[in-house]
Structure formats: C-alpha cells, structure tokens
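Chains, contacts and geometry: an overview
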Amino acid sequence: MEREDLFTDGRGIRIRLAESRRVHRARDGRLLLTVRAVRPMVEVRGNAAAGRAVTAYARSFSLPGMDSRTVARLAEADYAARGRENWRGYTLDTQFAPARADEAVISFLVTEFLDMGGAHPDTRAAGLNFSSHSGKRLRLDDVVLDKRAAVRQIHAFLLKEAKRKEAAGEAAFFEGYEKSIGELLTEDTWYLERDGMHVIGNEYMVSPHAAGILDFVIPYGQADFLKEEYR
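The text that follows walks through the structure, step by step, so that each part is easy to find. (Residues numbered from 1 in each chain as written. Predicted model: local features only at pLDDT ≥ 70, side-chain atom pairs only at ≥ 80, totals over all residues. Heavy atoms only, no water.)

What follows concerns the pairing of strand β8 (residues 196–201). β8 sits mainly inside the fold: six of its six residues count as buried. Here three bridges tie strand β7 (residues 190–192) to β8, and the two strands are oriented antiparallel to one another. Residue pairing for β8: Leu192 is matched across the bridge by Met197. The antiparallel hairpin formed by β7 and β8 contains three residues in its connecting segment. Taken together, the six bridges between β8 and strand β9 (residues 214–219) define a ladder with antiparallel strand orientation. Across the sheet, the residue bridging to Met197 is Ile218, located in β9. (Buried < 20%, exposed > 50% of the residue type's maximum accessible area, 1.4 Å probe, protein only. Helix = DSSP H or I, 4+ residues; strand = E, 2+ residues; numbered from the N terminus. Pairing = 2+ DSSP bridges.)

This next bit is on the packing of aromatic side chains. Under the definition given, this model contains seven aromatic pairs. Where Tyr57 meets Phe61, the ring centres are 6.4 Å apart and the plane angle is 20 degrees; that geometry is what we call stacked. Residue classification places Tyr57 among the partly exposed residues on the basis of a relative accessible area of 28%. Put simply, the rings of Tyr57, Phe61, Phe96, Phe108 and Phe130 pair up and form one aromatic cluster. When the ring centre of Phe216 is taken as origin, the NZ or CZ atom of Lys165, which lies over that ring, is 5.5 Å away. (Phe/Tyr/Trp six-rings, centres within 6.5 Å; stacked < 30°, edge-to-face > 60°. Lys NZ or Arg CZ within 6 Å of the ring centre and 35° of its normal.)

This paragraph deals with the sheet that holds β9. Taken in spatial order, the three strands of this open sheet run β7-β8-β9, and their pairing is antiparallel. Sheet topology places β7 and β9 at the edges, where each strand pairs with a single neighbour. Strand-to-strand twist in this sheet, taken as the mean axis angle between neighbours without regard to direction, amounts to 25 degrees. Helix α4 (residues 147–168) rests against β8 and β9 of the sheet, and its axis sits at about 120 degrees to β9. (Axes fitted to C-alpha atoms, helices over the stretch in contact; angles between N-to-C directions. Contact = heavy atoms within 4.5 Å.)

Set out below in structure tokens:
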C-alpha cells in the first residue's frame, strides 16, 4: 500500500513510501509475530539503476537482531516457554523517513520498534545515506575529507552538545558518559539532513530509556570536515 510521494526540489528524485504487513503463526495457529514495515521505493530520473539499488538496500535493511527471521525464532521459543494462556504476541515495526534527497545524497532516518510484551518496547534508530549517482551506500570515508580528523571533530561536538543538553535539562545521561560518548558514532548512526549532519544516540548507550533516542545535529556551517558536495 503506497503511503506518500516525496518530490525533492525538482531534481528528479521521487521517493514513495510503501507499507507492508505480514504475520508469523505457531503450528497451532496462534499469532506469534506481526511484522509491519514502511520502506521506500526510489526513482532517480535518468538513472534507474541508482533508484533500484537504493530500493533494494532499503528493502533488506534491518539492525542487528531486529530482522524478522531472528525475531520470529525468538517468538517461537518464547511462546513455547510461556504457553498459550500467557501469550500476547510480538510486534516488529520498521519505519523509513526521508531526510534529504538531492543531486549528491539520498538519506533516511530508520526507526525499528520491537514489542516483546515487556515493560516497554525495544526501540532503535539508524541512519542510511546513499549516493544519488550510483545508489551505493555512503560510508564516512566517502563523505569526509579525512576520516580520523572528522571523527575527532564529531566526538568533540557530541561531548559539547551532551553537556549543553544536560545543563539545559533536555536529557539525562549515565554517570561517566563522557568516556563513552564517542561510541555513539558508527556507520549506522549518522545521516545527512537539510540542516546538517545528524548523529543518533540510541537508548542505553549513554542515556537511560526515559531520555529516549537522542538527536545530535552538527550544522553544516560547523561541519567543515565534510566534502563540499555533502554540505
């Protein structure tokens, strides 16, 4: 089911968000897992191969431990342990949100939500970035001038911004988070938006569940470590 069309600045990139839903059942017919996903279908005018490459990658992407096969196996084992009377079912939900699409990059914020019947669901976010020319996924090496220097600058910004958020009461952090703040940056936790480079702070990395998923934004004016075409 098509959900939305996104046309970006007349540059010939079209992103359609399509919703899918499927279920996994136990041998006795009990519903074990509902899998819902909203994933993009990308078209790049004059470059069908790039659009197909982005679409194919997005269709298969899941964060570690959040793919439907792994979750289905967990649900089967949990159902066997709990029994029919105590079972309420698992839900796995994946949402792609377009963040930027232009002549250089197509970026998405991905949120994955897994409810296993506990006190609260496991929610994680990721960033995906693709070349608008080739459809290849972009890594840090592809978009920065010098990776070591860029990582140092990003880590320094994360620490400074975390201190600001803490002082302003915008977020609470674990004791000693200053030593591990740099671990937030991985190839799965950054993406390019129109306002700058975003770095995701997932729950339990440096902050508790109550703080939610943190968003650190490095404005392009302060991101001189990025290559010009990505700023």
